Amino acid sequence: MSPILAAIIAAAFGALIGSFLNVCIYRLPIGKSIVWPASACPSCGRSLSWFENIPVLSYLALGGRCRSCKNGISIRYPIVELLTALLFGAAWWYYGPGALAVSRIIFGSALIVLFAIDLEHQILPNVITLPGVMVGFAFSFFTEPGWQSSLIGIVVGGGSLYAIAEGYYFVRREEGLGMGDVKMLAMIGAFLGWQLTLVTLMMASFAGSIIGVALIALRRGDMKYALPFGTFLSLGAALAATVGGPILDWYIGLW
Ligand SMILES: [Zn+2]
């Protein structure tokens, strides 16, 4: 099979998984089961038929509204489905069939869920991050980054952020970073290894500072405005996983 065709099939499968990620994003924070019952309209509770459950296409066909109650359906649904399709297609095409592609796809799916939940609820569920640490470490025995780098990543990733969180609390007497961020960075360490975890932390802090300063400049928030750091960690990790290697080489070349 040609690599392009394989990537297209992977993307179509990714869109279906994106539907499932939407279910996780909606139900995990409110403590509902992710396997039962079938998807329903969040506004009127009517169960969706199969033709209302087709990724992206149903949203477009229905004009972003529920067929019964006419309430708007969040744009998050098609965005998550498209993003997951892109993740699957791009990873399969870029890495080729194998353990690395599967590892990156699982990692990327976890990042999408964590990004969306942290943005809306400011929480990072343990049910994603803790199994994520185990899965990332398990994959490291077969592919990048290798189990040593993965193990150091878990310890350094979790440990460094834990130290920052404790330090922040010591100075400010309030929580700046939660333990959710610590567990999430341990998961990132497990999947990417310690080098790219440092790149992730650098990029997340950089993006966080820029957006924080922009918010202050626009007077939309003051220094205490709590930005969900997990969303920045997701962005940073996605960048580190894709362009982190060349950035690391460039940075080391400066010395
Ligand atoms: Zn409805």
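What this report covers is the structure whose coordinates are included nearby. (Residues numbered from 1 in each chain as written. Predicted model: local features only at pLDDT ≥ 70, side-chain atom pairs only at ≥ 80, totals over all residues. Heavy atoms only, no water.)

Here we come to the overall build of the chain. Secondary structure summary: the chain contains eight helices and zero strands in total. The linear arrangement of helices and strands in the chain, starting from the amino end, is α-α-α-α-α-α-α-α. At 19 Å, the chain has a C-alpha radius of gyration in line with the 18 Å of a compact globule built from 255 residues. Summarising its shape, the C-alpha atoms of the chain cover approximately 60 × 50 × 35 Å along the three principal directions. Taken across its 255 residues, the chain has 42% of its residues classed as buried. Across the chain, contacts joining residues at least 24 apart in sequence account for 66% of those joining residues at least 6 apart. (Helix = DSSP H or I, 4+ residues; strand = E, 2+ residues; numbered from the N terminus. Rg over C-alpha atoms; globule rule 2.2 N^0.38 Å. Buried < 20%, exposed > 50% of the residue type's maximum accessible area, 1.4 Å probe, protein only. Contact = heavy atoms within 4.5 Å.)

Further remarks concern the packing of helix 6 (residues 147–172) against helix 7 (residues 179–217). Running from N to C, helix 6 and helix 7 cross one another at 130°; their axes reach a closest spacing of 6 Å. With respect to helix 7, the element helix 6 is oriented oblique. Judged by the twist between their axes, the crossing of helix 6 over helix 7 is right-handed. For the contact of helix 6 with helix 7, the class distribution of residues is 14 nonpolar, ten polar and one charged. (Axes fitted to C-alpha atoms, helices over the stretch in contact; angles between N-to-C directions. Parallel < 35°, antiparallel > 145°, perpendicular 65-115°, else oblique. Left-handed = near helix turned anticlockwise from the far one by under 90°. Nonpolar A, V, L, I, M, F, W, Y, C, P; charged D, E, K, R; others polar.)

With that settled, the discussion passes to the pattern of salt bridges. Inspection of the entire model under this criterion finds four salt bridges. Between arginine 76 and glutamate 120 there is a salt bridge, with its nearest N and O atoms 3.1 Å apart. Pair noted here: arginine 76 is in helix 3 (residues 76–95) and glutamate 120 is in helix 4 (residues 99–121), with a separation of 44 residues, a long-range link. Between arginine 104 and glutamate 144 there is a salt bridge whose closest N-O contact spans 3.7 Å. Here arginine 104 is found in helix 4, whereas its partner glutamate 144 is found in the loop between helix 5 (126–139) and helix 6, with 40 residues between them in sequence. (Salt bridge = Lys/Arg side-chain N within 4 Å of Asp/Glu carboxyl O.)

Applying the stated rule across the entire model yields six aromatic pairs. Between phenylalanine 141 and tryptophan 147, the aromatic rings sit 6.1 Å apart at their centres with planes inclined by 5°, giving stacked as the arrangement. Look at tryptophan 147 and you get partly exposed, because its relative accessible area is 38%. One aromatic cluster in this structure is built from Phe137, Phe141 and Trp147. Above the plane of the ring of tyrosine 77 lies arginine 76, whose end atom (NZ or CZ) is 4.9 Å from the centre. (Phe/Tyr/Trp six-rings, centres within 6.5 Å; stacked < 30°, edge-to-face > 60°. Lys NZ or Arg CZ within 6 Å of the ring centre and 35° of its normal.)

What follows covers unusual backbone geometry. Along the chain, tryptophan 36 connects to proline 37 via a cis peptide bond; the corresponding omega equals -5°. With respect to the element layout, proline 37 can be found in the loop between helix 1 (3–27) and helix 2 (57–61). In the segment running from glutamate 144 into proline 145, the intervening peptide bond is cis, with an omega of 0°. You can see proline 145 is positioned in the loop between helix 5 and helix 6. The phi dihedral of valine 56 is positive, around 60°, even though this residue is not glycine. Among the secondary structure elements, valine 56 is positioned in the loop between helix 1 and helix 2.

Six octahedral donors around a metal ideally subtend angles of 90 or 180 degrees, whereas four tetrahedral donors ideally subtend 109.5 degrees. In the first shell of the zinc ion, the protein supplies Cys41 (SG), Cys44 (SG), Cys66 (SG) and Cys69 (SG), at 2.3 to 2.4 Å from the metal. Considering all four donor atoms around the zinc ion, angles at the metal cover 106 to 113° and the coordination shape is tetrahedral. Counting along the primary sequence, the residues that act as donors to the zinc ion give the motif C-x2-C-x21-C-x2-C. (Donors = N, O, S within 2.8 Å, 3.2 Å for Na, K, Ca; no water. Tetrahedral: all angles 85-135°; square planar, octahedral: opposite > 155°, others 65-115°.)

Mapping phenylalanine 139 onto the fold places it in helix 5. On the basis of relative accessible area, phenylalanine 139 is assigned to the buried category, the value being 17%. Here the alpha-carbon distance between phenylalanine 139 and glycine 63, two residues 76 residues apart in the chain, equals 41 Å. Excluding anything up to four places from it in sequence, phenylalanine 139 contacts Ala99, Val102, Ser103 and Ile106.

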